[in-house]
Amino acid sequence: MVIAQPFVDFTDREPFTLKPELRDAAMAGIDATLGVALERVHGAEKTHFTIFPECTIPGLMGFDRIAAAMADDGWPTGTIVIGGLEGLTRAQFVELSRRPNTTYDTEGSSLDHIREDQWVNCCVTWAKLDSGEVRSWIQIKVQPAFVELRTEYQSMFQGQSIFLFKGKYEGVNAPYRFATLICFDWIGVRDQRRVWEWLLHAIEQLAEFKEAQLPLNWLFVAQCNPGPSHTSFMGQVQPFFNQVEFPSVLREGACLVMANVAGNVAPGVAKEYGQTALIFAANKFMKPENQPTYCAGGEFQRPGNQLENLTDTVFRERGACIHSFRQRNPSCLPPGAAGREFALANATVHPFPGAEDPRTPSGHVPAVVKWVNDELDDSEKSLESKYPQWPLAGTASDAHQRSVNALRRLNPEAQTKTVLVATPRTSSVPDAWRNPQSDGVKHVLHTFSILGAAGYQTTFHGNGAQATILKGGESVEVVAVIGPSHEECDKHVMDQLPDHRGQLLVISRDEDNTSWDPRMRTLFDQAAEPSKEFNFTEPTSAVIRVSYQDVLNAYRDAANEAALRESIDAAIF
């Protein structure tokens, strides 16, 4: 399966089309997504489903681009593409409905029912049949979202039907069924029933007629949803999987695919949109704790943890990207321990054209890579932004950017060690990292910005200590650590680096940012200078301890780089 997660923005008038400046990028995004589908990085013989969320395909030209790509001899048969088109005028919808091999509900959604002052929000399901023919089905959104109701000049035409598709798995005589809902249709009510309940009701009636039980294997929800984990949306998941209701519609092996648009034009943190996810009722799957690319949801992703008893797989990246993965069918897993698998395999993240980022490497993305790079995006973590009036602010800003660039390039294991040594009491699972670890990254950036402003050549490596600085030909390993007290920070570093040899500079910050020594001396204010060599009988003999407060004061008071270098040299060499 491949799911596009593009960034979209719309005009502020009905029918809410993509802004003109985004249309070329949207077309390029279609090409990129179809290209990822053809690459089959997921390892399956073909990409069976390719999904574009609600309102992401630029009208008729986007429709034609997808239809032409699927008609090409290089596109495999037995495949499906589902995509939401931007808002269409009545005239545009009429033109769409007349495309070759296109089907729509000519009764409930007859063109005679659509007024000139109405517009259409629809999705299209394309299928390339074994014969090589490409056919498409147009489904109109049933229930308008709030923004689609608050209109000034036109109204959204409301569809009357949902297409239910059926087929048989290749190589076996087993049936499958799937359908698509458009965003608010997932929670919308029509005639005292949710729209998804009407879908299950229709399948149940068919099952009763056949005196059989029929499966619903996939339900795709194509979204342009700022709150994908909102209670109203997640509150329908448990009832949907409740087999007591509509018992003839088998959903134990169903996959609920929530495909949403991006919250950012680039990879990174987003408070809205994103959270593309696959949700399963089956408890056969193992819950991912630290898997690359996706996580198990939980309280942080889903406030209230409403899906605790289900298998929830949420893609961490909420910015613009393309998701590719292989979804395991729970019905095909053997019973017992032999069948314990993760729901997804070979989950990778791909960029849209023009984007280059560690979070979209066209490969898997370890949790720490996503977390660290999100933290490094935060401009508020720059020392210059906190103290822009201080004399060396510009120099520190340059050093900050060098540190950011270097930390982004670290391998995942080194990034993990960099955070763990910076913050006592930290879980090894990045999905559990919160404000203390974020403060740790900030402390690392501030510390090495000051050292960089003092002219120290810094090499980040994450091999125990975070980096090495040079003074002439002499090297010193450096750790920046933040915790409740200097003493706890000191013990934490010693526990983290039990085998360290050579000089180690520990710059610690306690919760009150106090100084160890007002004269900028070491914690224990020893009379003897710290040794440059490790002494087996005195494990801390080569450790230099300095408080961040004293380093910060030196930075504040320095008129230039030379003065800052002199102050720090006096303290640590």
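Residues numbered from 1 in each chain as written. Predicted model: local features only at pLDDT ≥ 70, side-chain atom pairs only at ≥ 80, totals over all residues. Heavy atoms only, no water.

1. Digging into the pairing of strand β25 (residues 457-460)
Item 1. In this structure, β25 lies alongside strand β26 (residues 467-471), joined through 4 bridges in antiparallel fashion. Paired with Thr459 across the two strands is Thr468, which belongs to β26.
Item 2. Counted along the chain from β25 to the antiparallel partner β26, the turn is 6 residues long, and its residue Gly462 has a positive phi close to 65 degrees. (Pairing = 2+ DSSP bridges. Helix = DSSP H or I, 4+ residues; strand = E, 2+ residues; numbered from the N terminus.)

2. Observations concerning the sheet that holds strand β18 (residues 277-280)
Item 1. The 7 strands lie next to each other as β10-β11-β15-β17-β18-β21-β20, forming an open sheet whose pairing is mixed. This sheet does not close on itself; its edge strands, each paired only once, are β10 (164-168) and β20 (294-295).

3. A closer look at the side chain of Lys381
Item 1. As for its position among the elements, Lys381 is in the loop between α9 (367-376) and α10 (383-386).
Item 2. What makes Lys381 buried here is its relative accessible area of 4%.
Item 3. Polar contacts involving the side chain of Lys381 include one to the side chain of Glu375, which spans 2.8 Å. (Buried < 20%, exposed > 50% of the residue type's maximum accessible area, 1.4 Å probe, protein only. Polar contact = N/O pair within 3.5 Å; in protein donor to acceptor, adjacent residues only side chain to side chain.)

4. A closer look at the packing of helix α11 (residues 393-409) against helix α13 (residues 435-453)
Item 1. Direction vectors running N to C along α11 and α13 enclose 125 degrees, while the axes themselves pass 8 Å from each other. Here α11 is positioned oblique relative to α13, judged by the angle of their axes. You can see that α11 and α13 cross each other, and the crossing is right-handed. Together, Thr395, Ala396, Ala399, His400, Arg402, Ser403, Val404 and Leu407 of α11 and Leu445, Phe448, Ser449, Gly452 and Ala453 of α13 make up the contact between the two elements.
Item 2. In terms of residue class, the contact of α11 with α13 is built from 7 nonpolar, 5 polar and 1 charged. (Axes fitted to C-alpha atoms, helices over the stretch in contact; angles between N-to-C directions. Parallel < 35°, antiparallel > 145°, perpendicular 65-115°, else oblique. Left-handed = near helix turned anticlockwise from the far one by under 90°. Contact = heavy atoms within 4.5 Å. Nonpolar A, V, L, I, M, F, W, Y, C, P; charged D, E, K, R; others polar.)

5. Overview of the packing of aromatic side chains
In this description, a pair of aromatic rings is defined by centroid distance and the angle of the planes.
Item 1. Within the structure shown, the criterion is met by 25 aromatic pairs.
Item 2. Ring centres of Trp196 and Phe240 lie 5.7 Å apart, and the angle between their planes is 80 degrees; this geometry places the pair in the edge-to-face category. With Trp196 in helix α5 (residues 195-210) and Phe240 in helix α7 (residues 237-241), this residue pair connects regions lying 44 residues apart in the sequence. Phe240 shares its class with Trp196; the two are buried.
Item 3. Its end group placed over the ring of Trp198, Arg193 keeps NZ or CZ at 4.9 Å from the ring centre.
Item 4. Sitting over the ring of Phe300, Arg434 keeps its end group 3.9 Å from the ring centre. (Phe/Tyr/Trp six-rings, centres within 6.5 Å; stacked < 30°, edge-to-face > 60°. Lys NZ or Arg CZ within 6 Å of the ring centre and 35° of its normal.)

6. Overview of the nonpolar core
Item 1. One finds Ile450, Leu505, Tyr555, Leu564 and Ile572 to be the most contacted residues of the largest nonpolar core, which totals 52 residues.
Item 2. For this core, the element with the highest residue contribution is α13, accounting for 7 residues.
Item 3. Setting aside chain neighbours within four positions, we find Tyr555 in contact with Leu383, Trp390, Leu392, Ala393, Ala396, Ile450 and Leu564.
Item 4. Ala32, Leu85, Val94 and Cys122 belong to the second largest nonpolar core, which has 36 residues in total. (Core = buried A, V, L, I, M, F, W, Y, C linked by side-chain atoms within 4.5 Å.)

7. A closer look at the sheet that holds strand β27 (residues 474-482)
Item 1. Read from one edge to the other, the open sheet built from 5 strands follows the order β25-β26-β27-β28-β29, with strand pairing classed as mixed. Of all the strands in the sheet, the pair left with one neighbour each is β25 and β29 (543-547). Sheet twist, expressed as the average angle between the axes of neighbouring strands with direction ignored, equals 30 degrees.
Item 2. The sheet contact formed by β26 and β27 spans 5 bridges and is antiparallel. By the bridge assignment for β27, Ile469 is matched with Val476.

8. Digging into α11
For the α-helix, the turn length of 3.6 residues means that residues three or four positions removed from each other point alike.
Item 1. The first and last C-alpha atoms of α11 sit 25 Å apart over 17 residues, in line with the 24 Å expected at 1.5 Å per residue.
Item 2. By the burial criterion, the buried members of α11 are Ala393, Ala396, Ala399, His400, Ser403, Val404, Ala406 and Leu407.
Item 3. Packing partners of the buried residues in α11 comprise α9, α10, α12 (412-422), α13, β25 and α15 (548-557). (Expected span 1.5 Å × (residues − 1).)

9. What to know about α12
Item 1. The buried fraction of α12 amounts to 8 of the 11 residues, a majority that puts the element mostly inside the structure.
Item 2. Residues of α12 that are buried include every one of Ala414, Gln415, Thr416, Thr418, Val419, Leu420, Val421 and Ala422, and no others.
Item 3. Its side-chain oxygen 3.1 Å from the backbone nitrogen of Glu413, Asn411 forms the N-cap of α12.

10. A few points about the side chain of Thr79
Item 1. With respect to the helices and strands, Thr79 occurs in strand β3 (residues 79-85).
Item 2. Of note is the side chain of Thr79, whose polar atom sits 2.9 Å from the side chain of Trp75.
Item 3. Setting aside residues up to four positions removed in sequence, Thr79 forms contacts with Lys46, Thr47, His48, Met70, Trp126, Ala127 and Lys128.

So, to be careful, I would describe these as geometric facts and stop short of saying anything about function.
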